Amino acid sequence: MTTRIPAPQGIASCKIPARILMGPGPSDMHPRVVAALGKPAIGHLDPAFVQMMEEIKVLLRYAFQTGNSLSFAVSGPGSVGMETCFVNLVEPGDKVVVCRNGVFGGRMIENVQRFGGTAVVVEDTWGEPVDPQKVADALKAHPDAKALAFVHAETSTGAQSDAAALVGLARERGCLSIVDAVTSLGGTPVLTDEWAADAIYSGSQKCLSCVPGLAPITFSERAVACVRTRRQKVPSWFMDLGLVLEYWSAPGGKRTYHHTAPVNSLYALHESLVMLRDEGLENAWARHRLHHRALKAGFDALGLRFVVREEARLPQLNAVHVPTGIDEAAVRKQLLERYQLEIGAGLGPLAGKVWRFGLMGYSARAENVNLCLGALADVLSGQGIQADKGAALAAAQAVYTGNQA
Ligand SMILES: *Cc1c(COP(=O)(O)O)cnc(C)c1O
């Protein structure tokens, strides 16, 4: 007689609290995106679904500002988008200049090394943007480098690097460029063709405010040619672009099964991209800036200091120093328990020292800014800090009325 595992008791359908997401992602999903997610599944080769996939490609070209035909959504989180770029473009023995000014640059180094490449690391202090001069020097010292990789919007610190300048340096040296735009896409300009970038990946759950688990990517013709002329097979079956594209863009509509697409998640991505198109990229960028300015005005009134200097600050990720004497984890816990508000903690060398406030996609709106400033002022006051809630809210309001006039 076999012994069966008994059915677990005491577990019911999950109850999800209504949270307000102002951390480093995921961001609040718009009700229209949630509704799209709840539509019935259809087959992943159904003509109606295939039509929707074609529209996603067109909408992504708009979001990425590119004519690249290879623009689609990888089935997987932003990390799979990252890995798809590196596994297809890096071969054993390749040298890649990788910039590290936060967590995600570190992951790029890991990717290069795991696929047999050598990473030449350009280091910048966390909270600083990537220094183009250091990159120029590294490219000069390593004329055999195949690619330059950097993070456009470093979510771990809130710093934005000058992608146009960095991609330009790579091009001057005949290098490919691999750009992490997970947190920038939809929040600050990602200008693929204007920069002449080669491979860019993003994520669905940050400024696109979509369900987590999809990674929009785009590859230039140069990057595609590089994949086509590889010496060795791509070591990942799932992420091999040659195989995936038999499903996403087979010529003559002869799509074949590769993997079952996350059908419902793609409905949601389609809806979030339609919403971005309707709002207009420039308006979306301006909205992120506006709410950032209001939040910043409130933070100034509360005496909070930003980690990143003003010129390099991301509107969608606001990292501030935790005031001395404050229990940073207790503040986050109270915000979550009393106000249903999620904010982010610091990572790596910034752990325990900073808070990260996201204003991404649908989370970037006035009611969130006001809720956040009021809740934070209350919680800080409870910890014995002089936090003038009225002044913080008035400062944010002044930004809004100034803009509305
Ligand atoms: C969130 C993030 C990622 C990883 O995305 P996941 O969806 O969590 O895998 C990569 N790079 C940056 C800059 C990010 O902010």
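Residues numbered from 1 in each chain as written. Predicted model: local features only at pLDDT ≥ 70, side-chain atom pairs only at ≥ 80, totals over all residues. Heavy atoms only, no water.

**Quick notes on a nonpolar patch on the surface**
As a reminder, the rule being used: Patches draw on residues past 30% relative accessible area with no salt bridge. Two like charges within 9 Å are joined, as are two nonpolar side chains (Val, Leu, Ile, Met, Phe, Trp, Tyr) within 5 Å. Methods summary: accessible areas were calculated by the Shrake-Rupley approach with a probe of 1.4 Å, and residue burial reflects only the protein chains presented. Criterion for a salt bridge: a side-chain nitrogen of Lys or Arg within 4 Å of a carboxyl oxygen of Asp or Glu. Helix and strand definitions here come from DSSP, where helices need a minimum of 4 consecutive H or I residues and strands a minimum of 2 consecutive E residues; each element is numbered from the N-terminal end. For each residue, the accessible area found with a 1.4 Å probe, counting protein chains only, is set against the maximum for its type, and the residue is called buried under 20%, exposed over 50%, and partly exposed in between.
Taken together, the side chains of Trp237, Phe238 and Leu243 present a nonpolar region at the surface, about 280 Å² in accessible area. Position of phenylalanine 238 relative to the elements: it lies in the loop between α8 (221–228) and α9 (241–248). Overall, phenylalanine 238 belongs to the partly exposed group, its relative accessible area being 31%.

**Here's the deal with the site of the ligand**
Rules: The nearness test applies per residue and asks whether one of its heavy atoms lies within 4 Å of the molecule or strand. In protein, a polar contact means a hydrogen-donor-capable atom and an acceptor-capable atom, both N or O and within 3.5 Å, with residues adjacent in sequence counting only if both atoms are side-chain atoms; elsewhere, any N or O pair within 3.5 Å suffices.
The local shell around the ligand consists of Pro77, Gly78, Ser79, Phe104, Val151, Ala153, Thr155, Asp180, Val182, Thr183, Gln205 and Lys206. Glutamine 205 is positioned with one of its side-chain polar atoms (N or O) 2.8 Å from an oxygen atom of the ligand.

**A short note on the sheet that holds strand β9 (residues 199–201)**
Inclusion rule: Whether two strands pair comes down to DSSP finding at least two bridges between them. Angular values range over 0 to 180 degrees, each being the angle between N-to-C directions of two axes fitted as lines to C-alpha atoms, with helices fitted over their stretch in contact. Residue contacts are defined here by distance: any two heavy atoms, one from each residue, within 4.5 Å place the two residues in contact.
Here 7 strands make up an open sheet; going across it, the order is β2-β10-β9-β8-β5-β3-β4 and the pairing mixed. Lying at the two open borders of the sheet, with one neighbouring strand each, are β2 (70–75) and β4 (118–123). Direction aside, neighbouring strands of the sheet carry axes that sit 20 degrees apart on average. One ladder, built from 6 bridges, connects β2 with strand β10 (residues 214–219); its direction is antiparallel. The residue bridging serine 71 from the neighbouring strand is threonine 218, located in β10. Against the sheet, α8 contacts β2, β8 (176–180) and β10, and its axis sits at roughly 95 degrees relative to β10.

**What to know about the domain arrangement of the protein**
The criterion, for reference: Each domain's limits were defined by an automated method or a database of domain assignments. Take the accessible area each of two parts loses on contact, using a 1.4 Å probe, and add the two losses: that sum is the buried area. As a working rule, the residues Ala, Val, Leu, Ile, Met, Phe, Trp, Tyr, Cys and Pro are called nonpolar, Asp, Glu, Lys and Arg charged, and the rest polar, with Gly in that last group.
Split by domain assignment, the protein resolves into domain 1 (32–277) and domain 2 (280–402). A separation of 29 Å is found between the C-alpha centroids of domain 1 and domain 2. Contact with domain 1, which involves 29 residues of that partner, is made by 25 residues of domain 2. The contact between domain 1 and domain 2 buries some 2100 Å² in all, and 65% of this surface belongs to carbon and sulfur atoms. A salt bridge links arginine 309 to glutamate 128, with the shortest nitrogen-to-oxygen separation between them at 2.8 Å. Across the domain 1-domain 2 interface, the total number found is 10 residue pairs in polar contact (both at pLDDT 80 or more). Of all elements in the fold, only α2 (47–64), β6 (153–154), β7 (159–160) and α10 (263–279) reach the threshold of two or more residues within the side of domain 1 that touches domain 2. The class makeup of the residues in the side of domain 1 that touches domain 2 is 12 nonpolar, 13 polar and 4 charged.

**Structural notes on the environment of alanine 398**
When you line up the elements, alanine 398 lands in helix α14 (residues 389–404). It is 41 Å that separates the C-alpha atoms of alanine 398 and lysine 39, two residues lying 359 residues apart in sequence.

**Digging into the pattern of salt bridges**
Under the definition given, this model contains 20 salt bridges. Across the salt bridge formed by glutamate 271 and arginine 32, the nearest N and O atoms sit 2.7 Å from each other. With glutamate 271 in helix α10 and arginine 32 in helix α1 (residues 31–37), this pair connects stretches of sequence that are 239 residues apart. Look at glutamate 271 and you get buried, because its relative accessible area is 17%. For arginine 32, a relative accessible area of 36% gives the class partly exposed. Among the salt bridges present, the one from glutamate 110 reaches arginine 114, with a minimum N-O distance of 2.5 Å.

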